[in-house]
Amino acid sequence: MTTRLSFELPPALEASAPPESRRLSRDGVRMMVAHRETGEMVHTRFRELPDFLEPGDLVVVNTSGVLAAAVNGVTKDGERLVVHFSTHLFDAHWVVEFRRIAGSTTERWGDAPVPERVALGEGAALDIVGPYRSSDRLFVAHFRTADSVTADIYSDSGKRWIEQHGRPIRYSYVDRPWPMAMYQNVYATEPGSAEMPSAGRPFTPQLITRLVAKGVSVAPIVLHTGVASLEADELPYPEYTRVPAMTAALVNLTHEMGGRVIAVGTTVVRALESAGDSYGNVEAYDGWTDVVITPERGVRFVDGLITGWHEPEASHLLMLEAIAGRALLEKSYDASLTNGYL
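Thresholds applied
Residues numbered from 1 in each chain as written. Predicted model: local features only at pLDDT ≥ 70, side-chain atom pairs only at ≥ 80, totals over all residues. Heavy atoms only, no water. Core = buried A, V, L, I, M, F, W, Y, C linked by side-chain atoms within 4.5 Å. Buried < 20%, exposed > 50% of the residue type's maximum accessible area, 1.4 Å probe, protein only. Helix = DSSP H or I, 4+ residues; strand = E, 2+ residues; numbered from the N terminus. Contact = heavy atoms within 4.5 Å. Salt bridge = Lys/Arg side-chain N within 4 Å of Asp/Glu carboxyl O. Patch = residues over 30% accessible without salt bridge, like charges linked within 9 Å, V, L, I, M, F, W, Y side chains within 5 Å. Areas by Shrake-Rupley, 256 points an atom, 1.4 Å probe, with all protein chains shown as cover. Lys, Arg positive; Asp, Glu negative; His and termini not counted. Charge placed at Lys NZ, Arg CZ, Asp CG, Glu CD. 1 Å grid on protein atoms, 1.4 Å probe; cavity = no way out; pocket = protein on both sides within 12 Å on 5 of 7 lines; lining within 4 Å. Points joined across faces, edges and corners; volume = space filled by probe spheres on them. Nonpolar A, V, L, I, M, F, W, Y, C, P; charged D, E, K, R; others polar. Phe/Tyr/Trp six-rings, centres within 6.5 Å; stacked < 30°, edge-to-face > 60°. Lys NZ or Arg CZ within 6 Å of the ring centre and 35° of its normal.

## Thoughts on the nonpolar core
- V83, F85, V96, F98, L120 and L126 are the most contacted members of the largest nonpolar core, which has 30 residues in total.
- Among the elements of the structure, strand 5 (70-75), strand 6 (80-90), strand 7 (93-102), strand 11 (138-144) and helix 1 (156-165) are those that each provide at least two residues to this core.
- The biggest single contributor to this core is strand 11, with five residues.
- Leaving out residues up to four positions away in the same chain, V83 has contacts with A69, A70, V71, V96, E97, F98, V118, L120 and L126.
- By size, the runner-up hydrophobic cluster in this structure holds 23 residues, among which are I221, V243, A248 and V261.

## Topic: the pattern of salt bridges
- All chains considered together, the criterion is met by 14 salt bridges.
- A salt bridge links R137 to E97; its shortest N-O distance comes to 3.3 Å. Of this pair, R137 sits in the loop between strand 10 (125-131) and strand 11 while E97 sits in strand 7; the two residues are 40 residues apart in sequence, bridging distant segments of the chain.
- Residue R137 is classed as buried on the basis of its relative accessible area of 5%.
- Here R270 and E239 are joined by a salt bridge, their closest N and O atoms 2.6 Å apart. Taken together, the positions of R270 in helix 4 (residues 266-274) and E239 in strand 15 (residues 239-243) put the pair 31 residues apart, joining distant regions of the chain.
- On the basis of relative accessibility, which here comes to 4%, the residue R270 falls in the buried class.
- Look at E239 and you get buried, because its relative accessible area is 11%.
- Linked by salt bridges that have partners in common, E20, R26 and R201 make up one network.

## Topic: a positive patch on the surface
- Where like charges cluster on the molecular surface, the positive patch consists of R22, R30, R45, R47 and R210.
- Within the secondary structure, R210 is located in helix 2 (residues 205-214).
- Judged by its relative accessible area of 37%, R210 falls in the partly exposed class.

## What about the layout of surface pockets?
- Taken as a whole, the second largest pocket spans an internal volume of roughly 320 Å³.
- If you trace the second largest pocket, you find 19 residues lining it, with S104, T105, T106, R167 and R170 closest to the centre.
- If you list the elements that add at least two residues to the lining of the second largest pocket, you get strand 6 and strand 8 (105-108).
- Of the residues belonging to the lining of the second largest pocket, the class tally is 10 nonpolar, six polar and three charged.

## Regarding the packing of aromatic side chains
- Inspection of every chain in the model, using the stated rule, returns 12 aromatic pairs.
- Ring plane angle 85° and centroid distance 5.4 Å describe the contact between F85 and W94, whose orientation is recorded as edge-to-face. Each of the two residues, F85 as well as W94, counts as buried.
- Aromatic side chains F85 and F143 sit 6.0 Å apart centroid to centroid with 90° between the ring planes, which places their arrangement in the edge-to-face category. Linking F85 in strand 6 with F143 in strand 11, this pair joins segments that are 58 residues apart in sequence.
- Members of the aromatic cluster, connected to one another through ring pairs, are F7, W309, Y333 and Y341.
- Here R30 stacks its cationic end above the ring of Y341, 4.1 Å away from the centre of that ring.

Structural data, given as structure tokens:
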């Protein structure tokens, strides 16, 4: 497999707070536009996105919303920890990650035995079933309410419970808590992601209106993201995705008419590539995807990508290389560091 792009990331360039804290609007953040064919690079603002798209292009967004997926817990020995609800499997079974409390942040659980049961708020609890897909970090757990009845967080009572007891997942480079609204994309419709599909964060209703007025279509998919592993980056695990029939038809029609399909985020790329058939078309899809995009695999249904900056050697960089090519990827990240992008 291709060696992942590596570089030195100065701490000052870590995005530790949302742009609103710097008195910027969502679409006021900086944007670099890089062209694979020419190598041209343009430094601009996200609000200027319509200037770089043409009538007949299609922008595909992920409408998955963020869950309050970080919940405090206590083991039977009295040790306090944080549980990250990662991926909903079925009924009340979840993939979860346990995190040790380390000052104002958390860290990996490590090699210590995983607790068999974790007590949560209002008498709720997690019973551990076993490791998830041989992972040493993720586990399958059964969520129960105070009366020992199986609970589904997607039920009305479950939603109320996690809204009351949970909060957005926050890692050490984010220096203080922010309200849930800061983690939601403006077009999010269906809660289910452990972490924000953040490439879509700069969109505003006004910007989407300008795109549509120019003749650029906008279509949805759903892909519920699991938790990332910042301490030891891993390839993505299976995630639930849904590509509606109308979105699939729009992708196919856009290509037939000579337009470009622009994915907003790596999640959209994964969804569309999972829904492709052997004849070069995208079909409606509703299920799990284990597709991993690498330069060796390549992409067939996406012509461009709107994405945030990723950490050194992150698995997402393999997907970016599949779309942009290694030369442009390296050039882009060199320019991002030189120009002080967060």
